[in-house]
Structures are given as structure tokens and as C-alpha cells.
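# Report on the structure
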Amino acid sequence: MNQFKHIFITDPLESLTPNHDSSLAMMREAYNLGHQVYQAEIKGLSWAIDHVELSSWKLEYSDNKFSKKEENVFNLSATSASTIWMRKDPPVDENYVRACQLLRLSKIPVINDANSLMSCNEKLFPLQFPEFTPKTYVLSDIGIIKELLKQEKRLVAKPISGKAGEGILVLNEGDKN
């Protein structure tokens, strides 16, 4: 029987938190279905003469946690795996952009398509559907923010490149934030 091989590109495995990082839940379900699960980081992506390579670790799951078993290098120009899951958290920095540019060259299907990740910010995409979003502003000018705060009296400020609630502030008129 040909097993599916799933490569998850994430933050370092040790930094992922059970019951918080959905990547771990996805990896666990694939493993429980009998699929092979690999974990990689964006630093493992490289170009080698005529193809993209991805260094990864084959994982085993026991006692409610994953452990790294053996290092593997996948040729992404060959069908050496079933699926690549691009699950790296922000920030969208130079390394993230480079990873997406290399993943564009993969012959293995990439879920969270690299082209889409490059052209569509997850925080800005919903603005295309204003009927389904709360009243929203995207601002960076502190003067405009102060004026808006005078009108609204209270704002929730969320950084576009944040994740998991990092950097969210509730601003009230007159506070120091």
C-alpha cells in the first residue's frame, strides 16, 4: 500500500503548542490515518542546481506528542511526497517571502498555495467582504488614529502581521497607548 507523505512546514516543532497550534492537530490526524508525517522549517528550503529541496524530519507520534526520528531531504521537482502544507506563522519577512518563491517551483501540491500567500494577506482578505466584517480601519498614521479615537472613544488595534492575539491593544480615548 502506497502511504501518503505529508510535509508540514511550520515553526520549530519544539515551539508548537498542543491544543493551540492547529498544525499539530492536522499532523496528528494524518498520522492517525496511517500517513507518514514530516516536519520542516522554511530554513530547510533550498535550490540545488535544477530543483528545490526541502530538509525535513520524519515524525512519530506517541504519548500525546511528536518526536523527530530521521532526517530526510525531498526533491520538490519529483513526486516524492503527496502534499506540502505551508503552515509557518507570521511574520511575513524576507525568509517567508523567499520560501514562498521557492515553493512556487514545487511539483508537489502545496496547501496554502505560495502564490496566494504572497498576494493575499489573511488579515486584509476579509475586507473584500465588508458585509461580513465589523467596522474596520487599516491605518498607520498616528494622527489619523488619534482623531478616530476621539470620534469612536474606543478602538481595538490589531497588527496586520501578528498571530494568536499578539500585539492586540484596546485603545480608549486619553490612554497612553
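Above this note sits the structure.
Here the structure is a predicted model, which means the values were calculated and not measured. (Residues numbered from 1 in each chain as written. Predicted model: local features only at pLDDT ≥ 70, side-chain atom pairs only at ≥ 80, totals over all residues. Heavy atoms only, no water.)

## Examining the overall build of the protein chain
A tally of regular secondary structure across the protein chain gives four helices and nine strands. Listing each helix as α and each strand as β along the protein chain from the N terminus yields β-α-β-β-β-β-β-α-β-α-α-β-β. For the protein chain, whose C-alpha radius of gyration is 20 Å, the value lies well above the compact-globule estimate of 16 Å for 177 residues. Principal-axis analysis of the C-alpha atoms gives the protein chain an extent of 65 × 40 × 30 Å. Residue burial in the protein chain is summarised as follows: out of 177 residues, 31% are buried. Contacts in the protein chain between residues at least 24 apart in sequence constitute 53% of all its contacts with a sequence separation of at least 6. Entry remark: accessible area of the protein chain is about 11,400 Å², with carbon and sulfur atoms responsible for 52%. A gap of 3 Å separates the mean positions of the 21 positive and 23 negative side-chain charges of the protein chain. (Helix = DSSP H or I, 4+ residues; strand = E, 2+ residues; numbered from the N terminus. Rg over C-alpha atoms; globule rule 2.2 N^0.38 Å. Buried < 20%, exposed > 50% of the residue type's maximum accessible area, 1.4 Å probe, protein only. Contact = heavy atoms within 4.5 Å. Areas by Shrake-Rupley, 256 points an atom, 1.4 Å probe, with all protein chains shown as cover. Lys, Arg positive; Asp, Glu negative; His and termini not counted. Charge placed at Lys NZ, Arg CZ, Asp CG, Glu CD.)

## Re the side chain of threonine 83
Locating threonine 83 in the fold gives a position in strand β6 (residues 83–86). Setting aside its immediate chain neighbours within four residues, threonine 83 contacts Lys5, His6, Ile7, Ile108, Pro109 and Ile111.

## Brief notes about the environment of leucine 124
Note on placement: leucine 124 falls in the loop between α3 (114–119) and α4 (142–152). A relative accessible area of 33% means that leucine 124 is categorised as partly exposed. Separated by 14 residues in sequence, leucine 124 and valine 138 place their C-alpha atoms 8.6 Å apart.

## What about the environment of glutamate 60?
Checked against the element boundaries, glutamate 60 lands in strand β4 (residues 51–62). For glutamate 60, a relative accessible area of 40% translates into the label partly exposed. Linking glutamate 60 and tyrosine 31, residues 29 residues apart in sequence, is a C-alpha distance of 8.0 Å. With sequence-adjacent residues up to four places away left out, glutamate 60 is seen in contact with Tyr31, Lys65, Phe66, Ser67 and Lys69.

## A look at the packing of aromatic side chains
Taken as a whole, this structure holds six aromatic pairs when the rule is applied. When the centroid spacing of 6.2 Å and the interplanar angle of 90° are considered together, the rings of tyrosine 31 and phenylalanine 66 count as edge-to-face. Residue tyrosine 31 is located in helix α1 (residues 22–32), and its partner phenylalanine 66 is located in strand β5 (residues 65–75); the two are separated by 35 residues in the primary sequence. For tyrosine 31, a relative accessible area of 26% corresponds to the partly exposed category. (Phe/Tyr/Trp six-rings, centres within 6.5 Å; stacked < 30°, edge-to-face > 60°.)

Bear in mind that shape data such as this cannot, by itself, settle questions of function.
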